[in-house]
Amino acid sequence: MNIVDTTANANQPQSWKENPFSLKIMPELFVGYSSELATLVRNAQNNEKVTLLIGPTGSGKTTLLKKMIETVKDDYLVLYITKPPQNPEDFVHIFKSVLRPSFFDRLLSRDRVTLYELPVYVNKKLRNRKMVLLVDECHEAPVHVLEWIRTISDQINNLSVVMAGLPTLETVLEQNLETLLNRVTVHVELTSLSREEVEELIRKRIEFAGGSGTGPFSREAIDVIYERTGGFPRNVLKMCDDLVLETGSKNIP
């Protein structure tokens, strides 16, 4: 079934300056999840210790985290980790990458910090500033690393932690780390975009690439895309890309 309109010349892929449906993370084209974003920002403002961001693959967790960074970066020191480390000692290097020791600390060898000394070091560096730690793909973290996230959240003042991952993360915490689960003050769950948000996502992507509106996708085509993808952003982008390729109308440099 061909649901891409190739009869009109306007708004066709030949005029796009790049592929609008690549799986590249683009927080500037953020669509949907406005209440979830507001919750994450509010938790940081309230200095909530640990927030859990849960959603299936392709639901937009990473894009939401990147959008949060854009939203709070002027008021908070933000540390984003794409994947949790496999070794807890790596947290020392991660925090020191944004809280760099001074020249005199390095000169006097006072920049040597162990994992157990890390909270004191960070508290000294932060002073009265607030910090947000965003840890993506937490479902891949070893249990002993998750335990250190709990310790860090407990002992570092003015630190708010967001742990993002697949729904299996909650099961891991329930079975192995009830102490960390008890520190989770808010659960944010991503489900899927609405039909209107799917259309907005397609439109924003096409317009960013130099097109206009949602062409070559008709309203009927968007209905089908929404139904077949369930409204999950990654699936929407992949299906749009596949459909354009199947029509043979895609000609992007």
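Before reading further, recall that the structure is shown in the block above.
Let me begin by describing the structure that accompanies this report. (Residues numbered from 1 in each chain as written. Predicted model: local features only at pLDDT ≥ 70, side-chain atom pairs only at ≥ 80, totals over all residues. Heavy atoms only, no water.)

So, the nonpolar core
Alright, step 1. In this structure, Phe21, Leu53, Met68, Leu134, Ile202, Phe217 and Ile225 are the most contacted members of the largest nonpolar core, which totals 40 residues.
Alright, step 2. Looking at this core, the elements with two or more residues in it are α1 (34-45), α2 (61-72), β3 (131-135), β4 (159-165), α9 (195-208), α10 (219-229) and α11 (233-247).
Alright, step 3. At six residues, α11 tops the list of elements feeding residues into this core.
Alright, step 4. By size, the runner-up hydrophobic cluster in this structure holds 36 residues, among which are Ile81, Val135, Trp148 and Ile152. (Core = buried A, V, L, I, M, F, W, Y, C linked by side-chain atoms within 4.5 Å. Buried < 20%, exposed > 50% of the residue type's maximum accessible area, 1.4 Å probe, protein only. Helix = DSSP H or I, 4+ residues; strand = E, 2+ residues; numbered from the N terminus.)

Observations regarding the pattern of salt bridges
Alright, step 1. Under the definition given, this model contains twelve salt bridges.
Alright, step 2. Taking the shortest distance from any N to any O, the salt bridge between Glu70 and Lys67 comes out at 3.7 Å. Residue Glu70 and its partner Lys67 are located together in helix α2, separated by three residues, close to a single helical turn.
Alright, step 3. For Glu70, a relative accessible area of 34% corresponds to the partly exposed category.
Alright, step 4. You can call Lys67 partly exposed: its relative accessible area is 21%.
Alright, step 5. Two residues, Lys204 and Glu200, come together in a salt bridge whose shortest N-O distance is 3.7 Å. Here the residue Lys204 and the residue Glu200 both occupy positions in helix α9, the gap between them amounting to four residues, near one helical turn.
Alright, step 6. Looking at Glu200, the relative accessible area reads 29%, which means it is partly exposed.
Alright, step 7. Beyond isolated ion pairs, a larger network of salt bridges with shared partners links Glu147, Arg150, Asp154 and Arg183. (Salt bridge = Lys/Arg side-chain N within 4 Å of Asp/Glu carboxyl O.)

Considering the side chain of Asn43
Alright, step 1. Position of Asn43 relative to the elements: it lies in helix α1.
Alright, step 2. A relative accessible area of 4% means that Asn43 is categorised as buried.
Alright, step 3. Residues in contact with Asn43, not counting those within four places in the same chain, are Glu48, Thr51, Ser160 and Val186. (Contact = heavy atoms within 4.5 Å.)

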